[in-house]
Amino acid sequence: MPRESNSQGVVLLATVLVGAVLVVGAFGLVDAPGTADTDGTADGTDGFDSRQLSLTDGVDGAADDPELDTFGSAEAFESYFQTAQQRTRFGFRERVETTNIEMEDGDAAAPQGGADGDGSDDGGGTDRVSETNVQEASLDEPDVLKTDGESVYYGGHRFQRAAEETTVLDIDDPADPEIAATIPAAGELLLVEETETLVVFEEGRIWGYDISDPADPQQRWNEKLDADLQTARLYDGSLYLVLVDRPEDEPCPIEPYGDESVACTDVYRPSTQADTDAVYTAARVDPATGELTEETSVVGSIRHSATYVSESALYLSYTRSTSRFELMTSYLTGPGRDVVSEDVVDDIEDLQALDISRRAKQTELDVIIEEWLGGLDDERRQAQQNLSDELSTYAEDNKRNLSTTGIVRVGLDEMNVTASGEVPGYPLNQWSLDEHDDHLRIATTIPRVHGAESENDVYVLDEELSVTGSVTGLGETERIYSVRFEGEEGYVVTFRQIDPFYTLDLSDPEEPEMEGELKIPGVSHYLHPLADEGDLILGVGEEDGSVKLSTFDVSNRSNPVEKDVELLEDERFSEANRNHRAFLQDERHGVFFLPAGESSYVFSYENGTLEAEISVSVGGPGVRAMYVDDYLYVLGPEEIVVVDETSWEVVKRLDSR
């Protein structure tokens, strides 16, 4: 009997759950994969505003520019994150996806080694050396390969099981590099030539090494990290970090760097409730000593966030999304109140006033709707269909309010918050943002949620981060895969089944325009202007599972043309597809380097025509390349290969382990 009774209880519970799922599914409101009820409030929490998102606020669908404030107490801070921690246990929160450092987002591509790639200011024996391919020319980004023209520092052994050392190369003779020393730390690197310091970013720790004698590096300092390192920049002799802390039990104070702490009452938050599940700390560090000199912390969203750094400011982002409960109640107590009975509207309004969690409210709402449908008998099917259609239409009409991105600007001078704003949709990565002539441009995807189809927009914001102009509706039913801003021009690639490549005119911040569109198979994940060839853009991506290279002629901006295509049919992956620092252009020789899985490749691109000059095997997936005078160094997990760029002959192979 006990066994039979338990079985009946399970059947009853399953019936209730299935009924609720059927109600939700019938409304067409099942979220897209990875989308959850993102309301992070605990109703009745003191110290912050938890008002529901209005679906009618703002310009072009965006909410009004949110004001920023700090928490009234540590208890308010803890309460604010309570629901986010509960969502983690149900698997709704995503991890920060990083490979040591995840670069989240400029004007023209940084020159690699001087104005035209020639010249080094170090006075050493080399005439020219390449630099890391970065978004902003004056802001260096961490990478596994750095050089000052006399020595090379390489920590790119991460494909090996044990990656514990950084190799130091002596390149006094560019054709014959030699291993000079090793450093017992490995990861992403920044080279501070003014203080002869090498900064090494290891998981959970940052090291500073004195490299005044490259053959005998000495540790200067090290600091532990109790947060994820999202990104870093080296600018004007200072090291800038963005650290991501996920509050857990007893989260106050926040201690992201070394022994430094941030009071929870000093953390900034938007006045409107956001999908906050993390604290982002923007910090300035003295690279010679490791001392943290200034910091500012802002609540943020791990999911869909992007970070961008210009010469004047660091931009952080957070997200706001409308839950299914918010969408349904907004509709059924507003324009859709005639679709259901008056009793249903009254019950919903009473439900909105209850001091219970949003998850509990959604369950109660499903019960209210199911009971209403259950009393309709023969009219049930038609009523269910009408409600589904009306809700889908409502979601489509309001989709630019359903998912939005808040932007916080932190000035680099004093590391304080100087402005905040908000736009519809979510950015892809750091390349989705760009600062030009006192305006910020941001490209976003309006995601496919609650039955509304996806679209893609570009917004221009002024110094107060208020929207001045926009280009909307790019790539309907698609999402953004790559973005590039170049001065007054912009390029966006969206994708679902084909690859639309868009050209944008951004010369007028109040009237940006989409100039041209090209539809081709495949998709470009990274866009790189080939400046020495005029109006040519290189796309690095994939097609039918293989690595694809394309050159786009944008001389006629209303009619861009795919000039040439190279499909690497034996290659399934290139790190350049997800990490721009793996790409290298050498303008002197008119070539670029592309790492891949089976080999590493060098292509020439004169007049937009792609031609393979050499493929190099480096004992595993290609990692990086650099040029020293007229020699190209191709670096892998086990081997460094030196190629003479005047003949494309291999002149040396060096074991890098």
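Note: the structure precedes this text.
About the criteria used
Residues numbered from 1 in each chain as written. Predicted model: local features only at pLDDT ≥ 70, side-chain atom pairs only at ≥ 80, totals over all residues. Heavy atoms only, no water. Core = buried A, V, L, I, M, F, W, Y, C linked by side-chain atoms within 4.5 Å. Buried < 20%, exposed > 50% of the residue type's maximum accessible area, 1.4 Å probe, protein only. Contact = heavy atoms within 4.5 Å. Phe/Tyr/Trp six-rings, centres within 6.5 Å; stacked < 30°, edge-to-face > 60°. Helix = DSSP H or I, 4+ residues; strand = E, 2+ residues; numbered from the N terminus. Lys NZ or Arg CZ within 6 Å of the ring centre and 35° of its normal. Patch = residues over 30% accessible without salt bridge, like charges linked within 9 Å, V, L, I, M, F, W, Y side chains within 5 Å. Areas by Shrake-Rupley, 256 points an atom, 1.4 Å probe, with all protein chains shown as cover. Salt bridge = Lys/Arg side-chain N within 4 Å of Asp/Glu carboxyl O. Lys, Arg positive; Asp, Glu negative; His and termini not counted. Charge placed at Lys NZ, Arg CZ, Asp CG, Glu CD.

Caption draft 1: View of the nonpolar core. One finds Phe71, Phe77, Val267, Tyr280, Leu314 and Leu316 to be the most contacted residues of the largest nonpolar core, which totals 30 residues. Not counting residues within four places of it along the chain, the set of residues in contact with Leu314 comprises Val242, Ala282, Thr307, Tyr308, Val309, Val408, Arg409, Val410 and Leu412. With 24 residues, the next largest nonpolar core counts Ile348, Leu376, Ala383 and Leu387 among its residues.

Caption draft 2: Representation of the packing of aromatic side chains within the structure. Enumeration over the complete set of coordinates arrives at 13 aromatic pairs. Ring geometry for Tyr481 and Phe495: centres 5.4 Å apart, planes at 85°, overall edge-to-face. In this pair, Tyr481 is assigned in strand S25 (residues 479-486) and Phe495 in strand S26 (residues 489-495), connecting sequence segments 14 residues apart. Exposure remark for Phe495: the relative accessible area of 19% places this residue in the buried category. When the centroid spacing of 6.3 Å and the interplanar angle of 20° are considered together, the rings of Phe592 and Tyr605 count as stacked. Placement of Phe592 in strand S34 (residues 591-595) and of Tyr605 in the loop between strand S35 (600-604) and strand S36 (611-616) is noted, with a sequence separation of 13 residues between them. Judged by relative accessible area, which is 0%, Tyr605 ranks as buried. One aromatic cluster is present, formed by Trp431, Tyr526, Phe583, Phe592, Tyr601, Phe603 and Tyr605 through successive ring pairs. It is Arg269 that lies over the ring of Phe71; its NZ or CZ is 5.7 Å from the centre.

Caption draft 3: Region of interest: a negative patch on the surface. Where like charges cluster on the molecular surface, the negative patch consists of Glu255, Asp259, Glu260, Asp266, Glu291, Glu294, Glu295, Asp413 and Glu414. For Glu414, the location among the structural elements is in the loop between strand S19 (403-411) and strand S20 (417-424). For Glu414, a relative accessible area of 56% translates into the label exposed.

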